[in-house]
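So you can see what is in the structure, the chains are spelled out below.
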Amino acid sequence: MDVNKKILALSQIVNLPVEEDEYEGNASEYVVFNYSDERSTEFGDDNPLINTASMMIKAVLKKNTDYFIIKDKIWEYLLSIGAYDITFQTYLERISNDKKMRNLIFDYKITKER
């Protein structure tokens, strides 16, 4: 299982560009993701069999975008690809004196066979 490919496919669900680590495009709304941690979590005959990755997705949206629609789409997609222990938070970030962007943060875990 290639976790990156699955997360990049999120762009088709939310109709926003999705990039790993940093977005350098021109779209005003976008999604980035990264790995916070990855470690072996199940072993057989002293060999790692399963890795668990702790990951984060951050969606950056215009302040007035109905973010609940995007939140629900991302959450459901994460569940569909086997993510678990999902947590969510949101906050406004001041970009300039007259511009704020909403950040949606998803932290989650996903396992993959080695």
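For every chain, the first residue of its written sequence is number 1, and the numbers climb from 1 along that sequence. Only residues with pLDDT of at least 70 are given local features in this predicted model, and only at 80 or more are side-chain atom pairs given and counted; all residues enter the totals for whole chains, interfaces and linings. Side-chain numbers come from the whole structure's heavy atoms, not from hydrogens or water.

(A) Region of the structure containing the overall build of the protein. Secondary structure counts use DSSP, requiring at least four H or I residues in a row for a helix and at least two E residues in a row for a strand, with both numbered from the N terminus. Across its full length, the protein holds 3 helices and 5 strands. If you list the helices and strands of the protein from N to C, you get α-α-β-β-β-α-β-β. For the protein, the spread of C-alpha atoms along the three principal axes comes to 60 × 25 × 25 Å. The contacts in the protein between residues at least 6 apart in sequence include a share of 54% that link residues at least 24 apart. Contacts were defined at the residue level, with two residues in contact if any of their heavy atoms lie within 4.5 Å.

(B) Looking closely at a negative patch on the surface. Patches in this entry comprise residues that are over 30% relatively accessible and not in a salt bridge; like charges within 9 Å are linked, as are nonpolar side chains (Val, Leu, Ile, Met, Phe, Trp, Tyr) within 5 Å. All accessibility values rest on the Shrake-Rupley procedure with a 1.4 Å probe; residue burial counts only the protein chains present in the view. Salt bridge criterion: a side-chain nitrogen from Lys or Arg within 4 Å of a carboxyl oxygen from Asp or Glu. Only four residue types enter the charge count, namely Lys and Arg as positive and Asp and Glu as negative; His and the chain termini do not. Lys charges are placed at NZ, Arg charges at CZ, Asp charges at CG and Glu charges at CD. Taken together, the side chains of Glu19, Glu20, Asp21, Glu22 and Glu24 define an acidic patch exposed on the protein surface. Inspection of the secondary structure puts Asp21 in the loop between strand 1 (18–20) and strand 2 (30–44). Throughout, exposure labels follow a simple rule: accessible area from a 1.4 Å probe, protein chains only, divided by the maximum for the residue type, with under 20% read as buried, over 50% as exposed, and the rest as partly exposed. The exposure class of Asp21 is exposed, given its relative accessible area of 53%.

(C) Examining the pattern of salt bridges more closely. Under the counting rule described, the total for this entry stands at 4 salt bridges. Where Lys112 meets Glu38, a salt bridge forms, and the shortest distance between an N and an O atom there is 3.3 Å. Of this pair, Lys112 sits in strand 5 (residues 99–113) while Glu38 sits in strand 2, placing them 74 residues apart in sequence. On the accessibility criterion, Lys112 (21% relative accessible area) is partly exposed. Using a relative accessible area of 33% as the deciding quantity, one classes Glu38 as partly exposed.

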